[in-house]
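Chains, contacts and geometry: an overview
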Protein chains: 4
Amino acid sequence: MAVKIGLIGAGRMGRVYASTLAFSVSEVDLVAVADPDRAALAEVADRYHIPSTYQDYRDLLGSQEVEAVVVASPTGTHAEVIAAAAQAGKHIFSEKPLSQNLQRCDEALKAVRQAGVKLQMGFMRRFDAPYAAAKQKILDGVIGKPVMFKSTSRDPKRTSLEFAKRENSGGLILDMGVHDFDLARWLMDSEVARVHSEGACLAFPELKEVGDIDNVVINLRFTNDAIGNIDLSRNAVYGYDIRTEVLGTDGSLWIGYLQQTPTLVLTRAGVMHDTVPYFMERFGSAYAEQVRVFVKHILEDTPPEVTGEDARAATAIGIAATLSLDEGRPVQVREVDL
Amino acid sequence: MAVKIGLIGAGRMGRVYASTLAFSVSEVDLVAVADPDRAALAEVADRYHIPSTYQDYRDLLGSQEVEAVVVASPTGTHAEVIAAAAQAGKHIFSEKPLSQNLQRCDEALKAVRQAGVKLQMGFMRRFDAPYAAAKQKILDGVIGKPVMFKSTSRDPKRTSLEFAKRENSGGLILDMGVHDFDLARWLMDSEVARVHSEGACLAFPELKEVGDIDNVVINLRFTNDAIGNIDLSRNAVYGYDIRTEVLGTDGSLWIGYLQQTPTLVLTRAGVMHDTVPYFMERFGSAYAEQVRVFVKHILEDTPPEVTGEDARAATAIGIAATLSLDEGRPVQVREVDL
Amino acid sequence: MAVKIGLIGAGRMGRVYASTLAFSVSEVDLVAVADPDRAALAEVADRYHIPSTYQDYRDLLGSQEVEAVVVASPTGTHAEVIAAAAQAGKHIFSEKPLSQNLQRCDEALKAVRQAGVKLQMGFMRRFDAPYAAAKQKILDGVIGKPVMFKSTSRDPKRTSLEFAKRENSGGLILDMGVHDFDLARWLMDSEVARVHSEGACLAFPELKEVGDIDNVVINLRFTNDAIGNIDLSRNAVYGYDIRTEVLGTDGSLWIGYLQQTPTLVLTRAGVMHDTVPYFMERFGSAYAEQVRVFVKHILEDTPPEVTGEDARAATAIGIAATLSLDEGRPVQVREVDL
Amino acid sequence: MAVKIGLIGAGRMGRVYASTLAFSVSEVDLVAVADPDRAALAEVADRYHIPSTYQDYRDLLGSQEVEAVVVASPTGTHAEVIAAAAQAGKHIFSEKPLSQNLQRCDEALKAVRQAGVKLQMGFMRRFDAPYAAAKQKILDGVIGKPVMFKSTSRDPKRTSLEFAKRENSGGLILDMGVHDFDLARWLMDSEVARVHSEGACLAFPELKEVGDIDNVVINLRFTNDAIGNIDLSRNAVYGYDIRTEVLGTDGSLWIGYLQQTPTLVLTRAGVMHDTVPYFMERFGSAYAEQVRVFVKHILEDTPPEVTGEDARAATAIGIAATLSLDEGRPVQVREVDL
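Residues numbered from 1 in each chain as written. Chains lettered and ligands numbered in written order. Predicted model: local features only at pLDDT ≥ 70, side-chain atom pairs only at ≥ 80, totals over all residues. Heavy atoms only, no water.

1. Some thoughts on the relation of the copies chain A and chain C
- When chain A is fitted to chain C, the residual RMSD is 0.1 Å, and the transformation amounts to a turn of 180 degrees plus an axial shift of 0.0 Å. Such a combination of turn and shift is consistent with a two-fold rotation axis.
- The overlap is high: 100% of the interface residues of chain A also sit at the interface in chain C, so the same surface is used on both sides. (Least-squares fit on C-alpha atoms with pLDDT ≥ 70 in both. Contact = heavy atoms within 4.5 Å.)

In structure tokens form, the structure reads like this:
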């Protein structure tokens, strides 16, 4: 009883999902793929044995066979594609973000609600084994009441200047921080009420030209009075660095460290080991796991745990944190989300 | 220009290789599979889209289409299957061990040499990124001259009693130690000249009934006078534990640690984290990597780096170490390999 | 040619310094001790073989023999004692803080300048081997230009309610953060220009009664545009937790980890180890090291590297961070330091 | 009620004990010191305020005032000094080893028994916090029945050639391994029945000239059938490296790691930290702790837990392991100890 899936987008993330759907999730048939780029479309269809191809994703949505779609189209199109897929009655798994515009978030979410389809957002860190284990520990009461959230997300290099522009990626805070904002809400089980950002362009002066920064620290205050801080950086030249701490009244949880299976080199100079190069090495299996869970929700008709509302909330925090950076003052999240 | 591959064996390891060949190695076509078990055969062929199936592997070897085979049949059949595949003119990738009998090793190797085909043995630890990095560091002279080899291989549970019998697995030393013996020869770049084993049945008394032990330490002396020690255990109840050290005159290398990406739980009781459950979590990607390298050797007509002779040498050390256990004395490896 | 030292204060920290001066620093003679508490005075004099005792520290300052003093009197008296010691022509080593009042800081510093004596402040973390090594690495250019400062100081338990009052300890931020403020200025080699605090009383409701909080995160902006964040907590029930990171354009430094020499316990439940209980286990040797350096400065007539001005600057940051907490807005440090 | 102690030996270890007795153990008075070297004697007496000095230790033993002695004289004299101290009715704390000759061990132990005095041997690793914690965990049953003992002792440099001679240090195995032999007996709670050594001179050819080796691995078999392995090396150029594992039926214990409080340096080249330089940095506090315990045993008239018999047993294992090296065969410990 396999779920018949159509893939929208055959770019970098589209291929990650194609491979996952074709090889790693057994209860699905990947029956269609859509992408305006003819060459990419042909290559992905061939490599992953996908029978139907479409240049226009709306034609894919028109296929009776397709029961659910995986949205891996460019970031700026997510909200529109999700709304159209919902109107076509398809269940939807979508890469983050929903949209960097809260109004467009709302339109998409309304379409989903009206159609009564399932929507699961690709916050894959929730499906990473260490993060999932940490959430369970918190639910089990191992660290008591969570009081402080600390999170670090650092890339080993800067993005392209084109992508760095606010109109494209949303800027450092929205682009990189959205995962941390989602983790904050999820692990602390409380909404973020207020943010304060200190950021600057310190390592890559050329980013300033296009209006972006490369380092930021963001104070958080949750509605339950818990506090937190997130730091984001583009210059972790030593490797991809994703770590989170949750300090509670009875203990603390540390999630993530620099490497996987170390080779230690010990010489007169000291002890040396390497780090995780980048995100697929660190989170590759989480990408597959979240799709497995999405398929299970369809087959068993259960609600997804990472909703469009979650994606919207993370975006709202990012917008507020960006505003705090721009205006140099703490910003209540509700200011940007009336 | 993909290499057309036939898979011999559709059991546990056969499926690992089917998945690898179907999904993770791009320059191959998995065109045939053989297994006497009809149900397993059908299931694997269906799951991995393999067009031809055979109950008798000799029929698969008769196929003109098949250029190379991956041997994942039961341990005791490897030597026979390798010889037959060589006689059929197929390149061969084979799971370890070659055979636990040196004479049968020699017969298979003779067939391979006469046919002029490539044979690569599945010592996948050599393809594990940390081990490969360590080997390169040694070649680069980072630790000077290697003088001591230390290796630990511990399973989280005992094998079945049937498998534990010497006539099946070869016993603890041959079954588990063969990887360490291969690492010893490879990393130290010297043959093992003498071994001394101290072992006992200490954790699982029922193993004694079938003639096996559950813990052993094995002293090594290399032909270049370097020394070493390997410990093997079936009762690492805390998780799968694979570690190796190479101490040199200018430094040391430590390969492996207990876990991958940790979640640390910090409470009044202390700091706690989990471990690697078992071998696929630890070495899964090395299984794919070694097949990629094998296919590359075929396409580029270059010699495999893990040869049948390597497999034979590791087996000879294991036989000598088992004899040392039985007779309570150091054993020269050449005693068992005239 | 030993320096003759008088110790002012025979309480908890007084005894730490008495032990250090008597046993761990060879070029000093501990010739006098002052404390209004007769019993404490007698006990310390006897235990550390100190010939002269005084109930009034001003009498100790009147002694011709005493060349330098170590000030370990109650926090609130430091500025007054330092000024008096300076006026008496003694070199001064003083426990932190200088004062929690900037005007009183200035009065003490003026007295020191006018007398031309040496003053070294007890920011012992600068003398802790890992922190000292980190500073040297930064000076060596190992991580390029420092762009982000992250620091964590967490106590395993709350202070007494009496001590928690702002009029006594200065509150959480001034009491615990002063070391981090000093590290921030020292490691980043830039002054702190702006701070923003989010804090709350989350673990110990009784602290709210006396006007204190138990958790806080503090955003920093340096005058050179670098950024930072400090978190302070009273509920690190898992152990004393002091860690600092400095992220630069060419790398990062991590200073500190939870424990010293670990015993790992590996069972079916996972891997467990313990932590550092409290500050003397972690920083004990740094207390001695800083005094050794102070004595060396006297003997060689060189300027101390941890000055009263440093102490004043750290206090100013703390006052600004506390104001940010009280008023819920970012505060320029110069606002509190006209 | 302080115990009056005489120190025999004012060399390197004598000074370690003088400092400990003078400063770190409160219930003792260090009343006398003996050393044939006049200058060393005067310096130690002056530095640690010791009233009585003797060039001949027998004169110190004649002092009525002295209740107990700490023996830190040259290794070869321990047995003789212990016997004389016992005959003089003094309690005795002695640096290891007792003697490298089992007959001389027996003579000293006989004198101790006849005199009814307390003798505690300086196996200070038993008093190191991580080792003490591990022993307690084993007694608590945390790892079930211990089945395998693994221990590593590696020095960062070779000894002097003079010291390396067997007639002086006893050679690598007896000199360095004696601590591991003691740990083996203590942690496994079983006697060592059989040993097998593989060793060679691999890093420092000059050691071969004086009859010593620089690397060795030693297989152990305990009387309760448990097994073990110890490796010793003089070429741990990366730092002093002391680690022990005890694998049991329900878990494992790892004691020791390379460093204390790390500074991690993260650059493009990887992550680097330093190591422990040498033994005082690693075991300094254990030296003091064992003396504290000795004094407590005298004051409370309780039996020491590290006896002369323990020292004798460790020596016997070392002699057997050295014989195994010389003769290339496993050696029963009882062969050398009839």
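Having put the structure on the table, let's press on.
2. Let's talk about the packing of aromatic side chains
- Across all of its chains, the model carries four aromatic pairs over all chains by this definition.
- A cation over a ring is seen here: arginine 47 of chain A above tyrosine 48 of chain A, with NZ or CZ 5.3 Å from the ring centre. (Phe/Tyr/Trp six-rings, centres within 6.5 Å; stacked < 30°, edge-to-face > 60°. Lys NZ or Arg CZ within 6 Å of the ring centre and 35° of its normal.)

3. What to know about the interface of chain C and chain B
- With 15 residues of chain C in contact, the opposing surface of chain B contributes 15 residues.
- Summing both sides of the interface, chain C and chain B together bury roughly 1300 Å²; the carbon and sulfur share of this comes to 72%.
- Here chain C and chain B share zero salt bridges between them.
- Here chain C and chain B share zero residue pairs in polar contact (both at pLDDT 80 or more) between them.
- Going through the elements one at a time, strand 13 (263-267) and strand 14 (270-273) of chain C are the ones with two or more residues in the side of chain C that touches chain B. (Buried area = accessible area lost by both parts, 1.4 Å probe. Salt bridge = Lys/Arg side-chain N within 4 Å of Asp/Glu carboxyl O. Polar contact = N/O pair within 3.5 Å; in protein donor to acceptor, adjacent residues only side chain to side chain. Helix = DSSP H or I, 4+ residues; strand = E, 2+ residues; numbered from the N terminus.)

4. Comments concerning the relation of the copies chain C and chain B
- With an RMSD of 0.1 Å, the operation that places chain C on chain B is a rotation of 180 degrees combined with a shift of 0.0 Å along the axis.
- A symmetric contact is evident, with 100% of the interface residues of chain C recurring at the interface of chain B.

5. Considering the sheet that holds strand 6 (residues 119-121) of chain A
All names here are of chain A.
- The six strands are arranged 3-2-1-4-5-6 in an open sheet whose pairing can be described as parallel. The sheet is open, and its two edges are formed by strand 3 (52-54) and strand 6, each paired on a single side. Ignoring strand direction, the axes of neighbouring strands in this sheet form an average angle of 25 degrees.
- When strand 5 (residues 91-94) meets strand 6, the two strands line up parallel, connected through three bridges. Opposite isoleucine 92, over in strand 6, you have leucine 119 as the bridge partner. (Pairing = 2+ DSSP bridges. Axes fitted to C-alpha atoms, helices over the stretch in contact; angles between N-to-C directions.)

6. Thoughts on the domain arrangement of chain A
Residue and element names in this part refer to chain A.
- Its domain assignment divides chain A into domain 1 (3-117) and domain 2 (126-282 + 313-335).
- The centre of domain 1, based on its C-alpha atoms, is set 28 Å off from the matching centre of domain 2.
- Across the boundary between the two partners, domain 1 contributes seven residues, which contact 13 residues of domain 2.
- Overall, the association of domain 1 and domain 2 removes approximately 760 Å² of surface from exposure, summing both partners, and the carbon and sulfur fraction of that is 64%.
- The interface formed by domain 1 and domain 2 contains zero salt bridges.
- Between domain 1 and domain 2 we count three residue pairs in polar contact (both at pLDDT 80 or more) in total.
- For the side of domain 1 that touches domain 2, the leading source of residues is helix 1 (residues 12-24), giving three residues. (Domains from an automatic or database assignment.)

7. What to know about the interface of chain A and chain C
- Residue-level contacts link 49 residues of chain A with 49 residues of chain C.
- Here chain A meets chain C over a buried area of about 3500 Å², counting both sides, of which 59% is carbon and sulfur.
- The largest per-residue losses of area from chain A upon contact with chain C belong to Glu198, Leu202 and Trp254 of chain A, which jointly make up 18% of the total buried on that side.
- Across the contact surface, chain A and chain C share ten salt bridges.

8. Details of the pattern of salt bridges
- Considering all chains together, one arrives at 108 salt bridges over all chains under this definition.
- Between glutamate 43 of chain B and arginine 15 of chain B there is a salt bridge; the shortest N-O distance is 3.0 Å. With glutamate 43 of chain B in helix 2 (residues 38-47) and arginine 15 of chain B in helix 1 (residues 12-24), this residue pair connects regions lying 28 residues apart in the sequence.
- On the accessibility criterion, glutamate 43 of chain B (45% relative accessible area) is partly exposed.
- For arginine 15 of chain B, a relative accessible area of 27% puts it in the partly exposed group.
- Close ionic contact of arginine 329 of chain D with glutamate 327 of chain D constitutes a salt bridge, the shortest N to O distance being 2.8 Å.
- The structure contains a network of salt bridges with shared partners spanning Lys150 and Glu245 of chain A together with Arg154, Asp231, Asp241 and Arg243 of chain C. (Buried < 20%, exposed > 50% of the residue type's maximum accessible area, 1.4 Å probe, protein only.)

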